Structure formats: C-alpha cells, structure tokens
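# Structural description and commentary
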Amino acid sequence: MNYIFVFNGRYDKTGFLEEVQKQIDEICPGSMLYKTIGIGDGTRFVRSYCEFHQKDEVCFVACGGSGTANEVGAGVIGYERKSMAILAYGTTNDLAKYYPGRDHRSLEDIVRNGEVVEIDAIKCNDDYSLNVINIGFDAIVAREANLFLEAGDKNGYTRGLLKSLLTSRYNNFKMVVDGERITKGLSLLCTVSNGQYCGGMFKCAPRAKVDDGLMEVCLIRGISLLTFLLILPKYIKGEHLDSKFCMKKMVYRQARHVELSSKDLMYVSFDGEILASDHFEMDILEKAVTLRLPGLK
C-alpha cells in the first residue's frame, strides 16, 4: 500500500505541517506530501494521480478538516484500488465525528491498526459531498466563516454565524425530494446529509448512516430569531427530530434524489466548500468511497 498525503495548504493551517510531517517520517518514510494551493486543488491532484497510476494501490490521506476530506474523497470516486483516510487537523472535522472512540490524528492507528469501511457519497451536479450539503442560512454561514478564517480570524465560524443571523434567516428556494415538493414560502436552511454533523458542533442529521444508500433531508422553514434561538439547543444536540415543537417548523425526509432551484443565484456548501448556481440535482452513490479509519481505542 502506497500512502500519499494531501495537506490543506491554506496559510492558517501551516502550524500543523511539522506535526504531520513528523508522523509521516516515522510511519510512512519517503511518502509524498502534497500541499493544496486553493479550493478544489485537492480533487484535481488526486484525480490526476489516479488517472496516471490506475493499477497502483494507493491511500490518499487528507490532512485537514471536512473540506480537505471532501476534496480527497471526490478525487478517488470512480477509481479502483484507491482509498482515503483522514488526519483530522481541520476546523470542524465533521466526517471524523461520525466515528467516535478513535484517534483521528494518529497516522499509526490508521496504517497499523486501521479498519476499512465503504461509505456513500452525494453527487450534486458535477461535484461530490461525503458528509453534508448545506443550503440557505448554513451555506451563508460557511461562506462568511471562510472569509473570516482566510483573514486569520480563529473565531471565524462564530463570527460568520453571528453575522448571518442578522442578514440571512429568510431564503427563497424550491426543493423537490423524490418527486415531492417540501418548500412552502421562505426557508431558513436545509441540510442534505450523508454524515451526521456540520459546523463542528451541530448534529444536524442524527439518524444518518454513511452506508445506507439514503440522504437525510432536513428543512427548517423561515422563522423568527426568537424561534431560532429556542430550536438551536436541540439542533446542536441532534434532538430536533424528536421534538414536537421543532418539527412544527421542519420537514424531514429520507431520499435518493433531490432537486434544488432558485430564481436567483444561491450558495450551497459542500463540507465547507462553497458553490453557486440556480439549480442543483443531488443523488446518492452507494459505497462510492473506501475509507481507512484509525482503530478503536
């Protein structure tokens, strides 16, 4: 097995580079380390390598958070003898949270004590998500957070959240889930999930399973700031789907196909990476990615 490391090259992540390189030198000496140079570069690198080394057995290790993991995962989809792993050095590390009880910063536990699983992916237009696609408020929070983080603000996600609370609680889009339109009027947000967590702290899809061939769709209708604040604690803990109060303001579905459209350009967030369009189609791809996990403690 050949291990290739894909490190998030954004300048605010460079503090972790020495620690990652030390682990590589100890566990996988001589392995390639590639530092990304911008959004989407991780996917481009992995796909290019896979294309020219189709017979090689390779594990690409994403050294970063959800965005880096998503780029690496998108790159290996469709290629045989290619897998991925995650060294969780990101801001949120949401996909890794699906697998508790493991040291997601231990390369030794991945290489020497690891477990291999196959997980689904969500195909959205020509892009992929391994974890969660955020629409509406959440996507705008992610966009604002990225801007703050890129400017060197370590509290970027919190600042993005607070700014968006004041400006982005009412969003106009149409969503059709397996042929059923679930939007009526304005919406706060919607998550289309394969994993369970987003934003580092929100258990947005508590019933999601990464290998069941289904997307979890949770729509929150346009609500007042007070109602949002009342719902928020349960949404953080993943208790919203069992709350009668919350579900009066929400729509929950499991789905295999989702269509999203808007009269205007809208932002969606793919595990932290932002895309813009007026029309998205989402489909579940079963067992699309082979993921190498650190062993259970």
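The next thing to look at is the nonpolar core. Counting 30 residues, the largest nonpolar core has Val-46, Phe-60, Met-84, Tyr-99 and Leu-291 as the members making the most contacts within it. Breaking this core down by element, the ones donating at least two residues are β1 (2-7), α2 (41-52), β3 (58-64), α3 (66-76), β4 (82-88), α4 (94-97), β5 (115-124) and β14 (273-293). The contacts of Leu-291, once residues within four sequence positions are left out, are Met-84, Ala-85, Ile-86, Tyr-99, Glu-115, Val-116, Val-117 and Ile-119.

Per the counting criterion, the structure on display carries nine salt bridges. For Arg-44, the salt bridge identified is with Asp-41, shortest N-O distance 4.0 Å. Of this pair, Arg-44 and Asp-41 both sit in helix α2, separated by three residues, roughly a single helical turn. Taking the relative accessible area as the measure of exposure, Asp-41 reaches 7% and is therefore buried. In this structure, Arg-102 engages Glu-115 in a salt bridge whose closest nitrogen and oxygen atoms are separated by 2.9 Å. In this pair, Arg-102 is assigned in the loop between α4 and α5 (107-111) and Glu-115 in strand β5, connecting sequence segments 13 residues apart. Its relative accessible area of 15% is what places Arg-102 among the buried residues.

Moving on to the packing of α2 against α3. The description of two packed helices rests on the angle between their axes and on the distance between the axes. For the pair α2 and α3, the least separation of the axes is 7 Å and the interaxial angle reads 30°. With respect to each other, α2 and α3 are oriented roughly parallel. Between α2 and α3 lies a crossing of right-handed hand. In this structure, α2 contributes Asp-41, Gly-42, Thr-43, Val-46, Arg-47 and Cys-50 to the contact, and α3 contributes Glu-71, Val-72, Ala-74, Gly-75 and Val-76. By residue class, the composition of the contact of α2 with α3 is five nonpolar, three polar and three charged.

A few words now on α3. For α3, the buried fraction is high: eleven of the eleven residues fall into the buried class. Restricting attention to buried positions, one finds in α3 the residues Ser-66, Gly-67, Thr-68, Ala-69, Asn-70, Glu-71, Val-72, Gly-73, Ala-74, Gly-75 and Val-76. A positive phi of about 95° marks Gly-78, the residue just after α3.

So, how was this worked out
- Residues numbered from 1 in each chain as written.
- Predicted model: local features only at pLDDT ≥ 70, side-chain atom pairs only at ≥ 80, totals over all residues.
- Heavy atoms only, no water.
- Core = buried A, V, L, I, M, F, W, Y, C linked by side-chain atoms within 4.5 Å.
- Buried < 20%, exposed > 50% of the residue type's maximum accessible area, 1.4 Å probe, protein only.
- Helix = DSSP H or I, 4+ residues; strand = E, 2+ residues; numbered from the N terminus.
- Contact = heavy atoms within 4.5 Å.
- Salt bridge = Lys/Arg side-chain N within 4 Å of Asp/Glu carboxyl O.
- Axes fitted to C-alpha atoms, helices over the stretch in contact; angles between N-to-C directions.
- Parallel < 35°, antiparallel > 145°, perpendicular 65-115°, else oblique.
- Left-handed = near helix turned anticlockwise from the far one by under 90°.
- Nonpolar A, V, L, I, M, F, W, Y, C, P; charged D, E, K, R; others polar.

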